[in-house]
Amino acid sequence: MSEAFSATYPETQKIIQAIRTHYHTDDFIPLHAPCLGEPEKQTLNDCIDSTFVSSVGRYVDEFEQIMADFTDANHAVAVVNGTMGLFLGLKVVGVQPGDLILTQSLTFVATANAIKMLQADPVFLDVDANSYGLSADSLQEFLGEQTCLIDGQCVHSRTGRVIRACVPMHTLGFACEIDRIVEICHKHNIKVVEDAAESLGSYYQGQHTGIFGDVGVFSFNGNKILTTGGGGMLVTNNEALAKHAKHLSTTAKIPHAWLFEHDEIAYNLRMPNLNAALGVAQFSRLQDFLEEKRALAEMYRSLGEKLTGLSVMDGLEAGLPNYWLNGIVFHDPAQRDRFLAESNEEGIQTRPLWTPMHKLEIYQDCLRGDLDQTEWLAERVVNLPSGVKCNG
């Protein structure tokens, strides 16, 4: 650690020492690594022995049922990854080329990319300081000032384009004010596709994320709280949407013992049985993962109370986060940047939030609201190591 930085912000070593003490190692500590062991090996071996390793097999159906039961959704559809789950969710709620889709700028690029895949365009709105998720106030202000209802459709007044859907994200596993967002959207005939990619095991007002809107989408990427290597899950309480999503994810093939008949232009998005087998095994350990991550979050919270120049993110009062990634907020952006450099130099993987979408060249021309909170957070937040200590 450099003496110059130590003199400027001595709290760095306190944070690093707390992390090393928690993980009991002087080796490199990643931001979030998967915990894989014997349960996963057993289900993977069983899947391999069955020879059903592609998109047909009992583990796909079992994983869907587990997810539906856990989130209290009526239906779940397993897909190849979260990005394509968002794409599929937007598709089945009726998004068409040329539509506008409301979302937040402070998000992973997959949220905006899924919108563009449908030849629609994102509209970037601000986030709440307490959740980092889409601000209901920002949403209401934008709709009240810039839209009108024409023939039952929400239309952007200046461009005449239909606003078909809204994609709020439960950022880092912290629930956004999703009940208000859904209420506002439905008053304007706007569908809601929840980006719940990071929030498996997160709740808002006692209800699991992902089932407030018309559709919710989870991710099981290798860095998520539960991984299938690559994979995602669409959940919904709407039977028609679920059937259409599953149909589109399986090339719109009409069921038949041997004929290949297809009634829509569709996609090959079904999660392979091999990935689902991994997910079933991982799910058996999810509660242990959640308990450990919440204990780690409490450690960070207690540590933050003793340090100067920063605060620890804790989410909305009505929410119960999964603490997928813990976030600390530096009051001084320069201190944040120095901390990122020093912690990574010392083998502690930390990272900032994503570059806001409106700052990326590929999305600079999109419509946007006031993004002051987004830009403030993007300059100050650091994610700290948040994985579980895996014992196999």
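Novice: Please explain the packing of aromatic side chains as it appears in this structure.
Specialist: One pair of aromatic rings is described through two measures. These are the centre distance and the angle between the planes. Evaluation of the coordinates by the stated rule reveals eight aromatic pairs. Ring centres 5.1 Å apart and planes at 80° place the aromatic pair Phe70 and Phe283 in the edge-to-face group. You can see Phe70 sitting in helix α4 (residues 58-71) and its partner Phe283 sitting in helix α10 (residues 273-283), a full 213 residues away along the chain. Here Phe283 falls in the buried class, since its relative accessible area comes to 12%. Here the aromatic rings of Phe87 and Tyr267 are separated by 5.0 Å at their centres, their planes lie at 85°, and the arrangement is edge-to-face. A residue pair is termed long-range when its members are at least 10 positions apart, and Phe87 in helix α5 (residues 82-92) and Tyr267 in the loop between α9 (239-249) and α10 qualify at 180 residues. Residue Phe87 is classed as buried on the basis of its relative accessible area of 5%. Members of the aromatic cluster, joined through ring pairs, are Phe63, Phe70, Phe220 and Phe283. If you follow Arg58 out to its NZ or CZ, it ends over the ring of Tyr59, 4.1 Å from the centre. Here the basic side chain of Lys253 rests over the ring of Phe260, its NZ or CZ set 5.2 Å away from the ring centre.

Novice: Help me out: how do you make sense of the state of the cysteines in this one?
Specialist: Cysteine pairs can be linked by a disulfide, which is a covalent bond between their two sulfur atoms. If you walk through the whole model with that rule in mind, you get one disulfide. Covalent S-S linkage joins Cys35 and Cys390, the inter-sulfur distance amounting to 2.3 Å. Taking the sign of the torsion about the S-S bond as the criterion, the disulfide between Cys35 and Cys390, at about 75°, is right-handed. Here Cys390 lies in the segment after β16 (381-384) and Cys35 lies in the loop between α2 (11-23) and α3 (38-50), a separation of 355 residues in the sequence. The class of Cys390 is partly exposed, set by a relative accessible area of 34%.

Novice: I tried to follow the pattern of salt bridges on my own but got confused; where do I start?
Specialist: Pairing between side chains of opposite charge can happen when the charged atoms of each approach one another. In total, this model carries 18 salt bridges according to the counting rule given. Note that Glu40 and Arg285 form a salt bridge whose closest N and O atoms lie 3.0 Å from each other. With Glu40 in helix α3 and Arg285 in the loop between α10 and α11 (286-306), this residue pair connects regions lying 245 residues apart in the sequence. Classification of Arg285 as buried rests on a relative accessible area of 12%. For the salt bridge of Lys359 with Glu375, the shortest nitrogen-to-oxygen distance reads 3.7 Å. Remark: Glu375 occurs in helix α13 (residues 372-378) and Lys359 occurs in the loop between β15 (351-352) and α13; sequence separation between them is 16 residues. Using a relative accessible area of 46% as the deciding quantity, one classes Lys359 as partly exposed.

Analysis parameters
Residues numbered from 1 in each chain as written. Predicted model: local features only at pLDDT ≥ 70, side-chain atom pairs only at ≥ 80, totals over all residues. Heavy atoms only, no water. Phe/Tyr/Trp six-rings, centres within 6.5 Å; stacked < 30°, edge-to-face > 60°. Helix = DSSP H or I, 4+ residues; strand = E, 2+ residues; numbered from the N terminus. Buried < 20%, exposed > 50% of the residue type's maximum accessible area, 1.4 Å probe, protein only. Lys NZ or Arg CZ within 6 Å of the ring centre and 35° of its normal. Disulfide = S-S within 2.5 Å. Salt bridge = Lys/Arg side-chain N within 4 Å of Asp/Glu carboxyl O.

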